Amino acid sequence: MAAGGGGVADPLSPAGVPCAFSPLNQAYFALASADGQLRVWETANNRLHQEYVPSAHLSGTCTCLAWAPARLQAKESPQRKKRKSEAIGTSNQIDLLALGTAVGSILLYSTVKGELHSKLISGGHENKVNCIQWHQDNGCLYSCSDDKHIVEWNTQTCKVKCKWKGDNSSVSSLCISPDGKMLLSAGRTIKLWVLETKEIYRHFTGHATPVSSLLFTTVRPPSESQPFDGVTGLYFLSGAVHDRLLNVWQVRSENKEKNAVMSFTVTDEPVYIDLTLSENKEEPVKLAVVCKDAQVHLFEHILNGYCKKPLTSNCTIQIVTPGKGKKSTPKPIPILAAGFCSDKMSLLLVYGSWFQPTIERVALSSKEPHMCLVRDISNCWAPKVETAITKVRTPVMNCEAKVLVPGVPGHHAAIKPAPPQTEEGESKRKLGENEISIEERLGALDIDTKKEKDDLPQTNSFPVLLTQGLESNDFEMLNKVLQTRNLNLIKRTVLRMPLHAVIPLLQELTKRLQGHPNSALLMVQWLKCVLTVHASYLSTLPDLVPQLGTLYQLMESRVKTFQKLSHLHGKLILLITQVTASEKSKGMTCPEQKAKLVYEEESSEEESDDEIEKDSDDNWDEDDEDKESEKDEDVDEENEEEEEDTEEKDEENGEDRDVASEKELNGDSDLDPENESEEE
């Protein structure tokens, strides 16, 4: 089963080209090339068997293909004589090849007749067909598309039998159970459907990216104690785009376990997957995975339950070119597909270019963990630029001849204005007049053949280069433009680019954001400018959500951990500042300091004397008045009445002073203005 066959513009399309081996004996190998043509090769002698060019091969290229199962020959009883029409129908059914296109139509091609058998168009898909699966019993065809629907086709009437919504996003892969009663479908999550009722039987977690391949690996459950209902206990395999893990799932009777049971690890994204089914619990599953980095990984494992660690390959196969000379290094040859032969001990390898592939049968050895096959494919014809240039013949010229090449790229020839001629001279030209020679006419051209030293593109050519790189998917041209760090240049380029290139640019930026963090840092600047400058245009697109769904999920997954990272960043800054401060304090020596001023408190005895003096000062009025009264008694006894009056006044004043002193002791420092005046 091929894991490839999407459009080039979509960053989440599967890698590789759509291809498949014919069922049973693998006599033919069908390959839908990038130019929209179907080629069928004979695997025995590596010869082109048939070539078919659809009428809409440029607009509706082939995205997936599938051979019809060879089932009708086994069902026909040998005693009954076949009619001529039945025999023709049987052979056609066996050799039918279904082709899914980018415009939503499905073509049925007959390899026996070498022509188009029928078309499945009406009531089907409205978008690109991602996967096709034949039913092994009733001759129905199941297809899934980017329009989120799964369609069941009747190949006899070429009409839709049933159509239902398979997922909230595009459905990318399908697989029918061995008993033919269940159907697996996958977008990012995997669902198991009951074909009779079209209801969901089980849910599985799936992958982070679109699933590109689904395959059942076992026919019988590992434990035979319970009755087998056709699907419970079976294992199936799934691979996804940009994912280096192939997950194995088990259909359980209870709907609790939704995660993968085990996984196989490979070196790159899977391009083509083939396996041998395990018919009992003791027979291991053999798996051949062709990766994008031109390696084939072979696995052999008995599926008997949960395995925590990912399983590595038992053997790896590579094909390289022989190095010509001592300095030249061997280069890997891309591998398109790999399939197990009927004996399960040898492998069919398809390698080279899609235009002229090479098919070879390789015997497998269990002892060697790595096989490197050296093959020379230089004899295979492939269009090259160098050969096309060398076929141009240049004429042999004398040394005196002067050659002018006005077609040099990048040259700007300024044409001198011709000398003015009178109308009479132009209209009436005599036969004997001397005309201007070709040399003089060529001399009138001022050709400037100076080459510019700067190979970098100019500022005004950035939007043109960006648009051309997006249309042709030129990696080097896109790198020249997208690797710039000048913000003003990025803004000017985004402002001048055409509107139809905005969505392809966003898809290219989404693809590059998933790569190295250094390149993602540059892509964020471009993404910010595109979203701010072309926000009004993007808001007018009706299908913006499915086109930018991958970008939104990528941004959401990265922003989700931002709060935790900011908390961790703050805590780390606090710890680092505390550690640096403690290290600085340890390293510094405290200088010896001498006090410039020393203050000593007075003793308690002096404090008591001061308190006594304060008390005596408070009562000085009473002592003075008593002494004066005694003196007045000795001197004048006659003025006793006046002295009594003065004593009474003095006593009243003394009482007021006693009250004032008590208030001072109690903390009441504020006195009435009348009392203050009396004391004064």
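Residues numbered from 1 in each chain as written. Predicted model: local features only at pLDDT ≥ 70, side-chain atom pairs only at ≥ 80, totals over all residues. Heavy atoms only, no water.

1. Things to note about the overall build of the protein chain
1) Next: Regarding its fold elements, the protein chain presents 18 helices and 30 strands.
2) Next: Relative to its 680 residues, the protein chain shows a buried fraction of 37%.
3) Next: Long-range pairs, those at least 24 residues apart, make up 52% of the contacts in the protein chain with a sequence separation of at least 6.
4) Next: About 43,600 Å² of surface is accessible on the protein chain, with carbon and sulfur atoms providing 52% of the total. (Helix = DSSP H or I, 4+ residues; strand = E, 2+ residues; numbered from the N terminus. Buried < 20%, exposed > 50% of the residue type's maximum accessible area, 1.4 Å probe, protein only. Contact = heavy atoms within 4.5 Å. Areas by Shrake-Rupley, 256 points an atom, 1.4 Å probe, with all protein chains shown as cover.)

2. Points about the packing of aromatic side chains
By convention here, two paired aromatic rings are described through the distance between centres and the angle between planes.
1) Next: The tally for this structure, following the rule as stated, stands at ten aromatic pairs.
2) Next: Taken together, a centroid distance of 4.9 Å and an interplanar angle of 55° make the contact between F264 and F299 tilted. Of this pair, F264 sits in strand 20 (residues 262-265) while F299 sits in strand 23 (residues 295-301), and the two are 35 residues apart along the sequence.
3) Next: Through a chain of ring-to-ring contacts, the aromatic side chains of F204, F216, F236 and W249 assemble into a single cluster.
4) Next: The ring of Y201 has R202 sitting right over it, with the charged end atom 4.3 Å from the ring centre. (Phe/Tyr/Trp six-rings, centres within 6.5 Å; stacked < 30°, edge-to-face > 60°. Lys NZ or Arg CZ within 6 Å of the ring centre and 35° of its normal.)

3. Quick notes on the sheet that holds strand 12 (residues 159-165)
1) Next: Strand order in this open sheet of four strands is 9-10-11-12, and the pairing throughout is antiparallel. Bordering the open sheet on either side are strand 9 (129-134) and strand 12, each of which pairs with just one other strand. Each strand of the sheet is rotated relative to its neighbour by a mean of 20°, with strand direction disregarded. (Pairing = 2+ DSSP bridges. Axes fitted to C-alpha atoms, helices over the stretch in contact; angles between N-to-C directions.)

4. Some remarks on the pattern of salt bridges
As a working rule, side chains carrying opposite charge can pair if their charged atoms are close by.
1) Next: What the rule picks out here adds up to eight salt bridges.
2) Next: A salt bridge links K191 to D167; the shortest N-O distance between them is 3.9 Å. A residue pair is termed long-range when its members are at least 10 positions apart, and K191 in strand 15 (residues 190-194) and D167 in the loop between strand 12 and strand 13 (173-176) qualify at 24 residues.
3) Next: Residue class for K191 comes out buried when judged on its relative accessible area of 12%.
4) Next: With a closest N to O distance of 3.4 Å, D343 and R361 form a salt bridge. (Salt bridge = Lys/Arg side-chain N within 4 Å of Asp/Glu carboxyl O.)

5. Describing the sheet that holds strand 3 (residues 38-42)
1) Next: One open sheet accounts for four strands, arranged 1-2-3-4; its pairing is antiparallel. In this open sheet, the two edge strands, each paired with only one partner strand, are strand 1 (19-21) and strand 4 (47-52). Within this sheet the neighbouring strands show an average axis-to-axis angle of 20°, counted without direction.
2) Next: In this structure, strand 2 (residues 28-32) lies alongside strand 3, joined through five bridges in antiparallel fashion. Paired with Y28 across the strands is E42, a residue of strand 3.

6. A word on helix 6 (residues 462-472)
1) Next: When helix 6 is considered as a whole, its buried residues turn out to be F462, P463, L465, L466, T467, G469 and L470.
2) Next: Turning to helix 6, the residues buried within the fold contact helix 7 (475-482), helix 8 (487-496), helix 9 (502-513) and helix 10 (517-533).
3) Next: N473 occupies a position one or two residues after helix 6 and carries a positive phi of about 55°.

7. Focus: the packing of helix 6 against helix 8
1) Next: Direction vectors running N to C along helix 6 and helix 8 enclose 65°, while the axes themselves pass 8 Å from each other. For helix 6 against helix 8, the interelement crossing comes out right-handed. Mapping the contact onto sequence places F462, P463 and L466 in helix 6 and L489, T493 and R496 in helix 8.
2) Next: Its residues assigned to classes, the contact of helix 6 with helix 8 comprises four nonpolar, one polar and one charged. (Left-handed = near helix turned anticlockwise from the far one by under 90°. Nonpolar A, V, L, I, M, F, W, Y, C, P; charged D, E, K, R; others polar.)

8. A closer look at the side chain of D147
1) Next: Tracing the sequence through the fold places D147 in the loop between strand 10 (140-145) and strand 11 (149-154).
2) Next: K163 provides the closest opposite charge to the buried, unpaired D147, separated from it by 4.7 Å.
3) Next: At 3.4 Å, the side chain of D147 forms a polar contact with the side chain of H125. (Lys, Arg positive; Asp, Glu negative; His and termini not counted. Polar contact = N/O pair within 3.5 Å; in protein donor to acceptor, adjacent residues only side chain to side chain.)

9. As for the nonpolar core
1) Next: Grouped together as the largest cluster of nonpolar side chains are 31 residues, with contacts concentrated most on L466, L482, L505, L506, L509, L513 and W526.
2) Next: Of all the secondary-structure elements, those providing two or more residues to this core are helix 6, helix 7, helix 8, helix 9, helix 10 and helix 13 (549-559).
3) Next: Broken down by element, this core gets its largest block of residues, seven residues, from helix 10.
4) Next: Not counting the four nearest positions on each side in its chain, L505 is found in contact with L466, L470, L482, M497 and V530.
5) Next: Ranked by size, the runner-up nonpolar core spans 30 residues in total, among them Y272, V290, L298 and C315. (Core = buried A, V, L, I, M, F, W, Y, C linked by side-chain atoms within 4.5 Å.)

10. Notes on helix 9
1) Next: With twelve residues, helix 9 extends 16 Å from end C-alpha to end C-alpha; this agrees with the ideal 16 Å at 1.5 Å per step.
2) Next: The buried count for helix 9 comes to ten of twelve residues, which makes it a mostly enclosed element.
3) Next: When helix 9 is considered as a whole, its buried residues turn out to be V502, I503, L505, L506, Q507, E508, L509, T510, R512 and L513.
4) Next: On its buried side, helix 9 packs onto helix 6, helix 7, helix 10, helix 11 (535-539), helix 12 (544-547) and helix 13. (Expected span 1.5 Å × (residues − 1).)

11. Looking at a nonpolar patch on the surface
1) Next: Together, L565, L568, L572, L575 and I576 make up a nonpolar patch on the protein surface, roughly 490 Å² of accessible area in all.
2) Next: Take L572: it is sitting in helix 14 (residues 562-587). (Patch = residues over 30% accessible without salt bridge, like charges linked within 9 Å, V, L, I, M, F, W, Y side chains within 5 Å.)

12. Looking at the environment of A363
1) Next: Residue position: A363 is located in strand 27 (residues 357-363).
2) Next: Looking at A363, the relative accessible area reads 59%, which means it is exposed.
3) Next: Between the C-alpha atom of A363 and that of L347, which follows or precedes it by 16 residues, the distance is 6.3 Å.
4) Next: Those residues in contact with A363, other than ones at most four positions away along the chain, are M345, S346 and M371.

13. Details of unusual backbone geometry
1) Next: Its identity is not glycine, yet Q26 carries a phi of approximately 55°, on the positive side.
2) Next: Mapped onto the elements of the fold, Q26 is located in the loop between strand 1 and strand 2.
3) Next: One non-glycine residue, K148, lies in positive phi territory at about 75°.

14. Re the UniProt feature "repeat: WD" (unreviewed entry) in the protein chain
1) Next: Summarizing the sequence annotation, UniProt attributes the feature "repeat: WD" (unreviewed entry) to residues 122-157 in the numbering used throughout.
2) Next: In this annotation, residues 122-157 is assigned 0% helix and 50% strand; the end-to-end C-alpha distance for the span is 11 Å. (UniProt positions renumbered as here; feature names shortened; annotations may be inferred.)

15. With respect to the environment of S238
1) Next: Mapped onto the fold, S238 is located in strand 18 (residues 235-240).
2) Next: Linking S238 and F216, residues 22 residues apart in sequence, is a C-alpha distance of 9.0 Å.
3) Next: Ignoring any residue separated from it by four or fewer positions in sequence, one finds S238 in contact with I190, H207, V211, S213, L214, L245, L246, N247 and W249.
4) Next: At 2.8 Å, the side chain of S238 forms a polar contact with the side chain of H207.

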